[in-house]
Amino acid sequence: MKQEIRDIFDRIAPVYDQLNDWLSLGQHRIWKEMTVKWSGVKPGDTCLDLCCGSGDLTFRLARRAGTAGRVYGVDFSNNLLNAAKNRQKLSQNPYSITWTEADVLSLPFVDDQFDVVTMGYGLRNVTDITRSLQEIYRVLKPGGKAAILDFHRPDDHIWRTFQQWYLDYLVVPLATNLGVREEYAYISPSLQRFPRGEEQVALARQVGFVNAIHYPISNAMMGVLVIVVP
């Protein structure tokens, strides 16, 4: 299963940014800014962006951490990491970013290393959500905070129906036109398996995050889990 997910993200790398913009009508930028704001990142912080993809959240963290900060972007897709590195070269930004190919279930970092952790659209795809949260807990410093953005299933029947229609009749056809139908058709079944907000909060508390809250956004079709190490 892990290799299958890695292969999916390797294949979508060439159209990843383009599809994100089209499919969300640019709204993903707002959601990512909200996620970084809720992470509480400050100038000089040491930050970790997990499942970083082509670097959207990573670059936002770097701007807020500033030149005195240190940011790591981690993904297990080599193709997406190369896309992130190319974006950094083109932007010529002055921030310190280290790109690392790694598995979020076994992070290559010491305990208590980071002030802030973010993750965008990654928790839904890991093979062991509890293990992923344990790793985040392990690498965060005491008092450190994580903000995790992902899809969410709304309580409201109308919005849930709309979300399914959107996935079936907008996401998949557009992905099909770009030659990545199978890669995007997986979103719907992955969302059905993904714990809802209150379940994510419960899992985070089981791991040890005493302060945990899930913020529904975009009519609860998206959500951000914010968790803090005691």
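Since the structure is predicted, the reported quantities are computational estimates derived from the model, not experimental observations.

To continue, consider the pattern of salt bridges. Applying the stated criterion across every chain, the model contains 11 salt bridges. Between E33 and R64 there is a salt bridge, with the nearest N and O atoms lying 3.7 Å from each other. Taken together, the residues span a long stretch of sequence, with E33 in helix 3 (residues 27–39) and R64 in helix 4 (residues 56–65) at a distance of 31 residues. Under the relative-accessibility criterion, E33 is labelled partly exposed at 31%. Ionic pairing is found between R87 and D56, a salt bridge with its closest N-O pair at 2.7 Å. On the criterion of sequence distance, the pair formed by R87 in helix 5 (residues 78–91) and D56 in helix 4 is long-range, its members being 31 residues apart.

Okay, the packing of helix 3 against helix 4 next. For the pair helix 3 and helix 4, interaxial distance at closest approach is 10 Å and the crossing angle is 45°. Considered as vectors, helix 3 and helix 4 are oriented oblique to each other. Handedness of the helix 3/helix 4 crossing: right-handed. In contact with H28, R29, K32, E33, T35, V36, K37 and S39 of helix 3, helix 4 contributes D56, L57, R60, L61, R63 and R64. Residues of the contact of helix 3 with helix 4, tallied by class, amount to 3 nonpolar, 3 polar and 8 charged.

So, about the packing of aromatic side chains. Note on aromatic pairs: each is described by the distance of the centres and the angle between the planes. Tallied over the entire structure, the rule returns 11 aromatic pairs. Geometrically, the ring pair formed by Y72 and F109 is edge-to-face, given 5.4 Å between the ring centres and 70° between the ring planes. Of this pair, Y72 sits in strand 2 (residues 70–75) while F109 sits in the loop between strand 3 (97–101) and strand 4 (114–120); the two residues are 37 residues apart in sequence, bridging distant segments of the chain. Take F109: its relative accessible area is 10%, and that puts it in the buried class. Ring-pair connections join several aromatic residues into one group, and the members of that group are W159, F162, W165, Y166 and Y169.

Definitions and cut-offs
- Residues numbered from 1 in each chain as written.
- Predicted model: local features only at pLDDT ≥ 70, side-chain atom pairs only at ≥ 80, totals over all residues.
- Heavy atoms only, no water.
- Salt bridge = Lys/Arg side-chain N within 4 Å of Asp/Glu carboxyl O.
- Helix = DSSP H or I, 4+ residues; strand = E, 2+ residues; numbered from the N terminus.
- Buried < 20%, exposed > 50% of the residue type's maximum accessible area, 1.4 Å probe, protein only.
- Axes fitted to C-alpha atoms, helices over the stretch in contact; angles between N-to-C directions.
- Parallel < 35°, antiparallel > 145°, perpendicular 65-115°, else oblique.
- Left-handed = near helix turned anticlockwise from the far one by under 90°.
- Contact = heavy atoms within 4.5 Å.
- Nonpolar A, V, L, I, M, F, W, Y, C, P; charged D, E, K, R; others polar.
- Phe/Tyr/Trp six-rings, centres within 6.5 Å; stacked < 30°, edge-to-face > 60°.

These figures capture arrangement, not role.
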